[in-house]
Amino acid sequence: VDHGKSTLTDSLVAAAGIMAVEQAGDARLTDTRKDEQERGITIKSTGISLYYVMPDEDLKGFAGERDGNDYLVNLIDSPGHVDFSSE
């Protein structure tokens, strides 16, 4: 069963400008091991930090407090199983 975590990760990486939007979903950027790439599944968790600047126009309806438009997102793409004892 594909839950789409790696696909979502690719989409967020593309939104941050690290790869082309056209590659998102197919690149599986966080699946770095050869066996992950061959099998199309995530076996080991991989972390990535994404820096994103949100345009003022996208925040015009936001009424809460904020400190600028810069965001750092720390993301972990994890396998679809629950056994993380090896990590």
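A short tour of the structure in this document, coming up.

How each quantity is defined
Residues numbered from 1 in each chain as written. Predicted model: local features only at pLDDT ≥ 70, side-chain atom pairs only at ≥ 80, totals over all residues. Heavy atoms only, no water. Salt bridge = Lys/Arg side-chain N within 4 Å of Asp/Glu carboxyl O. Buried < 20%, exposed > 50% of the residue type's maximum accessible area, 1.4 Å probe, protein only. Helix = DSSP H or I, 4+ residues; strand = E, 2+ residues; numbered from the N terminus. Arc of directions from axis to C-beta. Contact = heavy atoms within 4.5 Å. Patch = residues over 30% accessible without salt bridge, like charges linked within 9 Å, V, L, I, M, F, W, Y side chains within 5 Å. Areas by Shrake-Rupley, 256 points an atom, 1.4 Å probe, with all protein chains shown as cover. Lys, Arg positive; Asp, Glu negative; His and termini not counted. Core = buried A, V, L, I, M, F, W, Y, C linked by side-chain atoms within 4.5 Å.

Within this structure, the stated rule accounts for three salt bridges. A salt bridge links Asp-35 to Arg-33; its shortest N-O distance comes to 2.7 Å. Given the relative accessible area of 25%, Asp-35 is considered partly exposed. Judged by relative accessible area, Arg-33 falls into the partly exposed class, the value being 32%. Two residues, Lys-34 and Glu-38, come together in a salt bridge whose shortest N-O distance is 3.9 Å. With a gap of four residues between them, Lys-34 and Glu-38 both fall in helix 2 (residues 34–39), about one helical turn apart. Judged by its relative accessible area of 61%, Lys-34 falls in the exposed class. Here Glu-38 falls in the exposed class, since its relative accessible area comes to 58%.

The subject of this paragraph is helix 1 (residues 5–15). Residues of helix 1 that are buried include every one of Ser-6, Thr-9, Asp-10, Val-13 and Ala-14, and no others. Axial view of helix 1: buried residues confined to an arc of 135°, hence all on one face. Turning to helix 1, the residues buried within the fold contact strand 1 (46–53) and strand 2 (70–77). Just past helix 1, the residue Gly-17 takes up positive phi, approximately 85°.

On the surface, Tyr-51, Val-53 and Leu-72 cluster together into a nonpolar patch covering about 320 Å² of accessible area. Structurally, the position occupied by Tyr-51 is in strand 1. On the accessibility criterion, Tyr-51 (49% relative accessible area) is partly exposed.

Among the structural elements, Glu-36 can be located in helix 2. Buried Glu-36, no salt bridge; nearest opposite-charge side chain is Arg-33, N-O distance 4.6 Å. Leave out the neighbours within four places in its chain, and Glu-36 touches Thr-30, Asp-31, Ile-41, Thr-42, Ile-43 and Lys-44.

Moving on, we get to the nonpolar core. In this structure, Val-13, Ala-14, Met-19, Ile-48, Leu-50 and Leu-75 together form the largest nonpolar core, which totals six residues. Listed by contribution, the elements that provide at least two residues to this core are helix 1 and strand 1. Once you skip the residues sitting within four places of it in the chain, Met-19 turns out to touch Asp-10, Val-13, Ala-14, Ala-24 and Ala-27.

Here we come to the environment of Gly-68. Looking at the secondary structure, you find Gly-68 in the loop between strand 1 and strand 2. For Gly-68, a relative accessible area of 35% gives the class partly exposed. Taking the C-alpha atoms as reference points, Gly-68 and Met-54, 14 residues apart in sequence, are found 9.0 Å from one another.

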